[in-house]
Amino acid sequence: MAITGIESLVYGVDDVALAIRFFEDFGLPLVERSETLGRFQLDEGSSIIIRHRSDPALPATAMEGIGVREVIWGVDTPQALEALAAGLADCDVRRDADGTVRFRTSFGLPMGLRPFARKPVVYAPDPVNAPGRVNRLNQHRKWRERARPKVISHVVFAVPDHEAGFAFMRDRLGFRLSDSQRGFGMYLRCGGSNNHHNLLLLNASAPFPGMDGKLRFHHANFGVEDIDEIMAGANHMERRGWEHSHFGLGRHRIDSALFYYLPCPAGGEAEYGADADYVDDNWVPRDWQEPLFAFAHFVHNLPPFLQQPPAWKFRYMTDEAPRVSGDGE
């Protein structure tokens, strides 16, 4: 019984109409629109909620700027929700009429828990050909016009004390550490998820652009099928007049995922992601001692900080590996 992933991300923005238009072009299905609210619902059943940053429906937060003001986590059973809520008594807990448990984390970010039965989604990536290995004969690849994300894979915040934030998420909510990018951030997954990470807590004081020591929203990742869907989405967004990606297409080394970040008028960036690692409690976290080595296996628009190839330095963090049945307990 556990948290299974993101049920909703609630944004506080400067311009509701502009944010709605961005996410429509990005490929999210819009199900509700007004002057003060936008709601998108993805195929898995998760939601993106858009409100003005001054909307009284938004919870108070220590976060600076615009972006995701509240994360609602999906919980697999009512019993699990009650067990988690019992451990949050000192976290300004309140309950909504629909049963949602809302609270404030130790690092100042509002979160919530809600029963959530995730709907199965279906992807069918095209077979890949290579010289000497024909997996697709007399058949062309899909022709796409744009991207249509079906899942919310993860959300990212810059946190003043990211290590204390990790301890809170681990001890109060059952999150696991998947990897640690030394000095830069900690990659956490829900106890009931196989995503490499559902939450990334960045070091808000890391020597990286935009890090000023304050709690800020950074980005949200939306899962698509493959590299073709990423680039079809990227081309569509450019044709619609949105700001270009700074990095372009790349692949992270730390979770193997393809990425394409787009500046987002709702705050931070919106990321198309594909082909990430999936892990379980047999996974042993790694300490990436050279954080830039962890960041990118390749990136189209090579930034200055990667002009010199980073050192290949990491180690396994056996003390942080969850204990599973049959390991001597």
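To keep things clear, this report deals only with the structure shown in the data block. None of these values were measured; they are calculated from a predicted model.

Focus on the sheet that holds strand S2 (residues 30–33)
The strand order across the open sheet formed by 8 strands is S2-S3-S4-S1-S5-S8-S7-S6, and the pairing between neighbours is mixed. Only two strands of the sheet have a single neighbouring strand rather than two, namely S2 and strand S6 (94–95). Pairing of S6 with strand S7 (residues 101–104), which is carried by 2 bridges, proceeds in the antiparallel orientation. By the bridge assignment, Arg94 is partnered in S7 with Arg102.

Here's the deal with the pattern of salt bridges
For the structure shown, the criterion picks out 27 salt bridges. Put simply, Arg240 and Asp25 hold a salt bridge, and the shortest N to O gap is 3.1 Å. Note that Arg240 is positioned in the loop between helix H4 (227–239) and strand S14 (250–251) and Asp25 in helix H1 (residues 16–26), a separation of 215 residues in sequence. The salt bridge involving Arg251 is made with Asp275; its shortest N-O contact spans 3.0 Å. A residue pair is termed long-range when its members are at least 10 positions apart, and Arg251 in strand S14 and Asp275 in the loop between strand S16 (269–274) and strand S17 (286–288) qualify at 24 residues. One network of salt bridges, in which partners are shared, links Asp126, Arg141, Lys142, Arg144, Glu225, Asp226, Asp228 and Glu229.

Observations concerning the sheet that holds S16
On the basis of which strands lie adjacent, the open sheet formed by 11 strands has the order S18-S14-S15-S16-S13-S9-S12-S11-S10-S17-S19 and mixed pairing. Whereas interior strands pair on both sides, the edge strands pair on one side only; in this sheet they are strand S18 (298–299) and strand S19 (314–316). Across 5 bridges, strand S13 (residues 216–223) lies against S16 in parallel orientation. Note that in S16 the partner of His219 across the bridge is Glu269. Sitting on the sheet, H1 touches S13, strand S15 (258–263) and S16, and the angle it makes with S16 is about 15°.

Points about the environment of Asp43
Among the secondary structure elements, Asp43 is positioned in the loop between strand S3 (37–41) and strand S4 (47–52). Residue classification places Asp43 among the partly exposed residues on the basis of a relative accessible area of 41%. Along the chain, Asp43 and Ala2 lie 41 residues apart, while their C-alpha atoms are 21 Å from each other. Once residues lying within four places of it in the same chain are set aside, the contact partners of Asp43 are Lys119, Val121 and Lys150.

Considerations on the packing of aromatic side chains
Across all of its chains, the model carries 26 aromatic pairs by this definition. Pairing Phe26 with Tyr272 gives two aromatic rings, centres 4.1 Å apart and planes at 0°, and the pair type is stacked. In this pair, Phe26 sits in helix H1 while Tyr272 sits in strand S16, placing the two residues 246 residues apart along the sequence. Each member of the pair Phe26 and Tyr272 is classed as buried. The rings of Tyr11, Phe22, Phe23, Phe26, Phe40, Phe157, Phe217, Phe222, Trp242 and Tyr272 are connected pair by pair, giving a single aromatic cluster. The positively charged end of Lys150 is found above the aromatic ring belonging to Tyr123, 4.6 Å away from the centroid. Across the ring face of Trp312, the terminal group of Arg253 is positioned such that the distance to the ring centre comes to 5.3 Å.

Examining unusual backbone geometry
Comment: phi is negative for the bulk of residues other than glycine, and the bulk of peptide bonds are trans. You will see that Asn138, though not glycine, has its phi angle at about 55°, which is positive. Relative to the helices and strands, Asn138 resides in the loop between strand S8 (110–115) and strand S9 (151–159). The class for Asn138 is exposed, based on a relative accessible area of 79%. Of note in this structure, Ser256 is not a glycine but carries a positive phi near 70°. Relative to the helices and strands, Ser256 is located in the loop between S14 and S15.

Side note on the pairing of strand S11 (residues 185–189)
In terms of residue burial, S11 counts as a mostly covered element, since 5 of its 5 residues are buried. In S11, alternate side chains face the same way, and those of Gly185, Tyr187 and Arg189 on one face and Met186 and Leu188 on the other are all buried. What sits between the antiparallel neighbours strand S10 (residues 176–181) and S11 is a turn of 3 residues, in which Gly183 has the positive phi angle 80°. Bridge count for S11 against strand S12 (residues 199–203) is 4 bridges, and the pairing is antiparallel. When the bridges of S12 are listed, Tyr187 appears paired with Leu200.

About the cut-offs
Residues numbered from 1 in each chain as written. Predicted model: local features only at pLDDT ≥ 70, side-chain atom pairs only at ≥ 80, totals over all residues. Heavy atoms only, no water. Pairing = 2+ DSSP bridges. Helix = DSSP H or I, 4+ residues; strand = E, 2+ residues; numbered from the N terminus. Salt bridge = Lys/Arg side-chain N within 4 Å of Asp/Glu carboxyl O. Contact = heavy atoms within 4.5 Å. Axes fitted to C-alpha atoms, helices over the stretch in contact; angles between N-to-C directions. Buried < 20%, exposed > 50% of the residue type's maximum accessible area, 1.4 Å probe, protein only. Phe/Tyr/Trp six-rings, centres within 6.5 Å; stacked < 30°, edge-to-face > 60°. Lys NZ or Arg CZ within 6 Å of the ring centre and 35° of its normal.

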